[in-house]
Amino acid sequence: MTRIRIEVDGKTLEVAPGQDLLSACTHEGVQIPHFCWHDALGSVGACRLCAVRLHDGPEDTEGRIEMACMTPVTEGQRVSIADPEAAEMRAHVIEWLMRNHPHDCAVCEEGGACHLQDMTVASGHHKRRYDGPKRTYRNQDLGPLLTHEMNRCIACYRCTRFYRGYAGGRDLDVMGAHDRVYFGRYQDGPLDSPFAGNLAEVCPTGVFNDKGWSRDYARKWDMAATPSICTQCSVGCNIFAAERGGRLRRLQNRYNGAVNGDFLCDRGRFGGLHLPEDSRLRAPHIAGREVTEHDALEAARSALSAGAVAIASPRATLETVFALRHLVGEARLFAAVPQLEAGSVARMAGLLAQHGAQPLHALEHCDAALVLGEDLTGTAPRAALALRQTARNAAHALAGEKGVPCWLDNAARVAGEGRRSPIALVTALPDALDDIATWPLRRTPDEIAGFGHAIAAALRGEDAAPEAQAVAAALAQAKAPALIAGFGAARPEILDAIDAIACALAGRARLFLFPPEVNSMGLALSGVTGLEGAVETLESGTARTVIIAEADLVERADPALVERLLRAAETVIVLDSHNTRLSARATILLPVADWVEAAGTVVNHEGRAQRRFAAYAGAPQPAWRVIAALAQPTPGWQNLDDVLAAMAQALPQLAPAREAAPDAAMRLPLGAVARAGWRQAGRTAHDQTGGVIRHAPQTDGDSALTFSMEGGRGGDVPPALRTDYAVAGLHSASAAPFVTVANGGTLKAGDPGINVLAGFAGPNAAPAFALTGEGLIPLALHDPFVGDEAGRRAEFLEQRCVEAQIVLHPDDARHLHLNENMALTLDGQAVDIGLRIDPAIPPGHVGLPTGRVAPRNLGRHVQIGRQE
């Protein structure tokens, strides 16, 4: 790649052309103070803090003061950050901002992790000369997820630029003029966007913060952070899980350039927090009676000896799935989902291996897109955010033709004239992304695949309907067309249509396929088939026991199929971390660690194996250890690395997953990697009611991390083990760009994760599908704020969920003599949710909230009636 040379305070840097000076210096590790600049949002020059003296070349001896974020890098530039006049200007900027800023650092949640604090210290400001009245504002109630403290605002505009310009929200804006501007809603109320939680990290001060963290508060230096993976969908966003006192306090974005970049969705940010304590499983039970761990394990071993099948969840780790395989054998391991879903995910894996798997970041650089049947905002919200950036690429291209670089954000938006990249959304219902779509097209679930095949026919030069011809023309003209699908519509034939379009595009297509859950892809690569096989094995009498790991089957399969399984099994062994509808039916109930309490490996939508780690010690055993204890003889696995080694031998397809993170024996010069920061000293942060108690640090046998402040940290830490960004002088999320190679680029040491799809041969076609029975066609309703069976109980996120409702077309409601005030039955069983009548739903269909009243993959018609 071509590089140019610039000189910064006497030091020569080689940087990439086509970027602004602030970005170039940042990625080279040179700090220029700033507020309004953000690596994902570009430059607007609002704060005036990044003043530097700029010399155009050797002959320019005087130079001039410029804003680094608004200045393109050019060959031979000489830059002085330390120039006295530039430093004085930056000091004045800090002073006038601090004139109205409250003196509340000691009680502000952001204290110790505040970009304003960092910049104030960097400028040397330490004394306030102004003693007049301060500008003050009234705060708003922005709903259950975020706090609002406008008096801390410095008018950097980051919040509205992210919320409106990047995430597409419309209910947060700036109001007022001059030095009296207000950032908020037109009235109190929850922010609409499912990405609003990012404001807590985007804001460089404490205007926005996590409301749950504010209530259950701990200073940043009092918490220990652990690298983890979000479990709420198949994207596999990287997160920091911060805890204190054995309690998870906050989840924050952990930069991974290939996956989530700078942002998370609200479901991922809040779905694992503030779960009710009474929902946790703390003790083993047999037939509903609490027993000792020894008695429960003995009873489970006895039941397993009579012949058993095992059922693995798509939210369980690779290690747990393999442990079940080792326990019962390959032929008796099944998925916790029906074959309709299991076969569809295997088909996705095969298509990605055939056509090339793409990281989510690549979607943001596509110049056209087709979404076939998937409600991305509901099923994979972070992918929906990426698609919004795809829509802007046509405007960026037009701005580039006019000589305006895309990093010059406001100017590029004007020069781009609002042009949109061509995007076709083919969905059954109005979609949250319709505002960016060139063609927001409505088709019933059974028509979507046919429309996809019509597009493929048009690409091959065959006759097709006008709309299919228009979409095909846009895809054909694109340099990097994106094809997006998933299992949200529960129609596997859509995947065959995607394959036909990809083949017609002759290798130019970029596929983005989203299975339902965090390790759905890993389950498929383990060679596991659907739940029906377990039912048939039990009903045949060749097995009498079923062991189910981390899956509420009622969430994932037809209740009738689940009832058949439970009736056929003499003993039902359930391993889970929280009470579920299935755990209430267990013969033997064994508690295991929650996702944040145990290390493990999951495979995301693109086939990227990623490792997460336990956030704190003292939790229940991970599921794979409990399963290993049930095996006779026990496999002798001492830690996670042993399981992965055994898995690599038995399942070569998954062997690369061992490289998703360094093994537990890895050590830095200072030892293992510290979870806690330097400032977490025992005599300050952890003073316990006046008596300092020093315990020996607890060890973590499953990772190269320590549960203490002792150990290595900083730039030498492998990316998969980073517990912070470790940038001197920077303690907030604004430190992330300093560890990347470019804006939106990879981490300097490489993005965590490794692809495991190479060589995988999936099925040649998606599973055959035909609805059975009579009645209405089920249509899954996906809500971006609704998590999995545990995530739906998250105290603060639960308040943000839309009320669950069954949805009917007016014609069907009239035919069934139903109205919105009636109590309903679903397949003859009373349900406690209401009815909404909406002409947007196709006639003959019924909308069912996913997971709350029906599974996502119900392969039959349903009957709706009213309670007598």
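Reading the values: rules and limits
Residues numbered from 1 in each chain as written. Predicted model: local features only at pLDDT ≥ 70, side-chain atom pairs only at ≥ 80, totals over all residues. Heavy atoms only, no water. Axes fitted to C-alpha atoms, helices over the stretch in contact; angles between N-to-C directions. Helix = DSSP H or I, 4+ residues; strand = E, 2+ residues; numbered from the N terminus. Contact = heavy atoms within 4.5 Å. Pairing = 2+ DSSP bridges. 1 Å grid on protein atoms, 1.4 Å probe; cavity = no way out; pocket = protein on both sides within 12 Å on 5 of 7 lines; lining within 4 Å. Points joined across faces, edges and corners; volume = space filled by probe spheres on them. Nonpolar A, V, L, I, M, F, W, Y, C, P; charged D, E, K, R; others polar. Phe/Tyr/Trp six-rings, centres within 6.5 Å; stacked < 30°, edge-to-face > 60°. Disulfide = S-S within 2.5 Å.

J.: Can you walk me through the packing of helix α8 (residues 293-304) against helix α23 (residues 623-630) in this structure?
T.: Contact pair α8 / α23: the axes reach a minimum separation of 9 Å and the direction vectors enclose 65 degrees. Facing α8, whose interface residues are Leu 297, Ala 300, Arg 301 and Leu 304, α23 presents Val 626, Ala 629 and Leu 630.

J.: For this particular structure, what's the right way to read the sheet that holds strand β33 (residues 829-831)?
T.: Note: strands within a sheet are paired through backbone hydrogen bonds, in either parallel or antiparallel orientation. Taken in spatial order, the three strands line up as β33-β32-β36 in an open sheet, and their pairing is antiparallel. Every interior strand has two partners, whereas the edge strands, β33 and β36 (864-866), have only one. The average angle at which neighbouring strand axes cross in this sheet is 45 degrees, direction not considered. In this sheet, β36 lies alongside strand β32 (residues 824-826) in antiparallel orientation, the contact comprising three bridges. When the bridges of β36 are listed, Thr 825 appears paired with Gly 865.

J.: Where do I start with the layout of surface pockets in this structure?
T.: With a probe scaled to a water molecule rolled over the atoms, the places where space remains empty come into view. Considered as a void within the structure, the largest pocket measures approximately 1,000 Å³ in volume. Lining the largest pocket are 46 residues, with Asp 375, Pro 430, Ala 432, His 782 and Pro 784 positioned closest to its centre. Elements that contribute at least two residues to the lining of the largest pocket include exactly α12 (376-379), α13 (381-391), β30 (777-781) and β31 (805-808). Considered class by class, the residues forming the lining of the largest pocket number 24 nonpolar, ten polar and twelve charged.

J.: Even after reading the chapter, I still don't get the packing of aromatic side chains, so can you show me in this structure?
T.: Two numbers describe a pair of aromatic rings. These are the distance of the centres and the angle of the planes. Taken as a whole and judged by the stated rule, the model has eight aromatic pairs. Aromatic side chains Phe 162 and Tyr 166 sit 5.9 Å apart centroid to centroid with 25 degrees between the ring planes, which places their arrangement in the stacked category. Here Phe 162 and its partner Tyr 166 are both found in helix α4 (residues 158-166), four residues apart, which amounts to about one turn of the helix. On the basis of an interplanar angle of 35 degrees and a centroid distance of 5.9 Å, the ring pair of Phe 322 and Trp 637 is categorised as tilted.

J.: When you look at the state of the cysteines in this model, what are you seeing that I'm missing?
T.: The bond known as a disulfide is covalent and runs between the sulfur atoms of two cysteines. Tallied over the full model, the rule gives zero disulfides. Unpaired in terms of disulfides, Cys 47 finds its nearest cysteine sulfur in Cys 36, a separation of 3.7 Å. The structure places no disulfide on Cys 105, whose sulfur is separated from the nearest cysteine sulfur, that of Cys 114, by 6.5 Å.

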